[in-house]
Amino acid sequence: MRGAPLTRRFVIVACVAIVGLAAFIVSTGEKNKSSDQLSKYRPPSNPADYIIENRLAEYPEISAAIVSALRAKEGKQVRGSVIRAGITAHHVPIAVSFIADFYHELRGSPGSRATFVVVGPDHFERCFTSAATTKQPHATAFGNLEPEIEIIDALHAVGVGIDDGCFDNEHSVGSQTLFIKHLFPGARIVPLIFSATTDAKLVGGIASVLSAYKERITVIVSTDFSHYQNYKRATEL
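Residues numbered from 1 in each chain as written. Predicted model: local features only at pLDDT ≥ 70, side-chain atom pairs only at ≥ 80, totals over all residues. Heavy atoms only, no water.

Engineer: Honestly, the packing of helix 3 (residues 60-73) against helix 6 (residues 171-183) in this entry has me stumped. Any pointers?
Structural biologist: The interhelical angle for the contact between helix 3 and helix 6, taken along N-to-C directions, is 55 degrees, at an axis separation of 11 Å. Judged by the inter-axis angle, helix 3 sits oblique to helix 6. You can see that helix 3 and helix 6 cross each other, and the crossing is right-handed. From helix 3, Ile62, Ile66, Val67 and Leu70 reach across to helix 6, where they touch Leu178, Phe179, His182 and Leu183. Split into classes, the residues belonging to the contact of helix 3 with helix 6 amount to seven nonpolar, one polar and no charged. (Axes fitted to C-alpha atoms, helices over the stretch in contact; angles between N-to-C directions. Helix = DSSP H or I, 4+ residues; strand = E, 2+ residues; numbered from the N terminus. Parallel < 35°, antiparallel > 145°, perpendicular 65-115°, else oblique. Left-handed = near helix turned anticlockwise from the far one by under 90°. Contact = heavy atoms within 4.5 Å. Nonpolar A, V, L, I, M, F, W, Y, C, P; charged D, E, K, R; others polar.)

Structural data, given as C-alpha cells:
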C-alpha cells in the first residue's frame, strides 16, 4: 500500500477500519433490537436545546488525568507523517495514557484537524438504525463539541440514521470528545456508531462519503481492543 495514491490509501484505510469494527460488533453475538428496546429511546422533544450527555465529563479527576497525560507526552518525538485515520481505545480513565499517545501523534503530525469523524460501536444496541449519527453538540469538560452538519447530512443521504438519544453516555464517542475538545478547541465532530445489524452496502456508502471529504477530516475508530488480557498480551495482540 506504500506506493498507492493518497486517495486510494485513504479509502482502503477507512473501509478496513469501518468494516473491521462492524465485523467485531457482529461477532459479539448481540441480538437485534427488539421493539421493547426501541420504545425506550425517542428523539429529544426539543432538539434545538439538546446536548448529548457525557457522564465522563462530569468527573473532574478524569479531565485532570487527560490534561496531565497529554502534558507528559510533550517533547516526545512523533513520526511526522500525514495522519488521516487511526484506531485508538476508548476506556477512560484506565487507558488515558494510551489514548494520549495517539492524540499526541495527531497533534504533532500533518493532516486536517478541522473535523473528526469518530466511529464506534453501539454498545447498548439503543439506536433505531444499524448506523447512526446526530446533529447535536456533545458535552465535554472543556466546552461543547459542535457537529459538522454538512458531512452528517451526506451520511444521512446514504442511509445513516439521525438518532440523538442513543449517543447519550455512549463512551465510544464520549471518551474521544474530551481529547478532541481539549487539544483542538475549534474542531467539529461527526459521530458515527454501528450496531450488530450493519450491512456491507451501508458501510460502502459511508466509506464513499468519508473519502469525498478526506482533505477536511480525521477518522478515529474508537474501539475496545481487549477487555480480558493483561497489558503485555494485549500489546502483542
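Engineer: What's the story with the packing of helix 3 against helix 4 (residues 96-108) in this structure? I'm lost.
Structural biologist: For any two helices packed against each other, one specifies the inter-axial angle together with the distance between the axes. In contact at an axis separation of 9 Å, helix 3 and helix 4 are set at 55 degrees when each is read in the N-to-C sense. Overall, the two elements helix 3 and helix 4 adopt an arrangement that is oblique. Judged by the sense of rotation from one axis to the other, the crossing of helix 3 with helix 4 is right-handed. Contacts from Ala65, Ile66, Ala69, Leu70 and Lys73 of helix 3 reach helix 4 at Val96, Ser97, Ala100, Asp101, Tyr103, His104 and Arg107. Its residues placed into classes, the contact of helix 3 with helix 4 shows seven nonpolar, two polar and three charged.

Engineer: Quick question: what am I supposed to make of the pairing of strand 6 (residues 217-223) here?
Structural biologist: The buried count for strand 6 comes to seven of seven residues, which makes it a mostly enclosed element. Neither face of strand 6 is open: one carries Ile217, Val219, Val221 and Thr223, the other Thr218, Ile220 and Ser222, and all of them are buried. Alignment of strand 2 (residues 115-121) against strand 6, held across five bridges, turns out to be parallel. The residue of strand 6 that forms the bridge with Val119 is Val221. (Buried < 20%, exposed > 50% of the residue type's maximum accessible area, 1.4 Å probe, protein only. Pairing = 2+ DSSP bridges.)

Engineer: What is the right way to read the state of the cysteines from this model?
Structural biologist: In protein chemistry, a disulfide is the covalent bond that joins the sulfur atoms of two cysteines. The full count for this structure, using the stated rule, is one disulfide. Note on cysteine connectivity: Cys127 is disulfide-linked to Cys166, with sulfurs 2.2 Å apart. On the S-S bond that ties Cys127 to Cys166, the torsion sits near 85 degrees, and the link is right-handed. Here Cys127, found in the loop between strand 2 and strand 3 (131-133), pairs with Cys166, found in the loop between strand 4 (161-162) and helix 6; they are 39 residues apart in sequence, far enough to count as distant. When sorted by exposure, Cys127 lands in the same class as Cys166, which is buried. (Disulfide = S-S within 2.5 Å.)

Engineer: Explain the sheet that holds strand 3 here, please?
Structural biologist: Strand-to-strand pairing in sheets goes through backbone hydrogen bonds, with the strands running parallel or antiparallel. Pairing in this open sheet of six strands is mixed, and the strands run 1-6-2-5-3-4 from one edge to the other. Where the open sheet ends on each side, the last strands, each with one partner, are strand 1 (85-89) and strand 4. Of the strand pairs in this sheet, strand 3 and strand 5 (residues 188-194) are connected by two bridges, and their pairing is antiparallel. Of the residues in strand 5, the one forming a bridge with Ala131 is Phe194. Sitting on the sheet, helix 6 touches strand 1, strand 2, strand 5 and strand 6, and the angle it makes with strand 2 is about 155 degrees.

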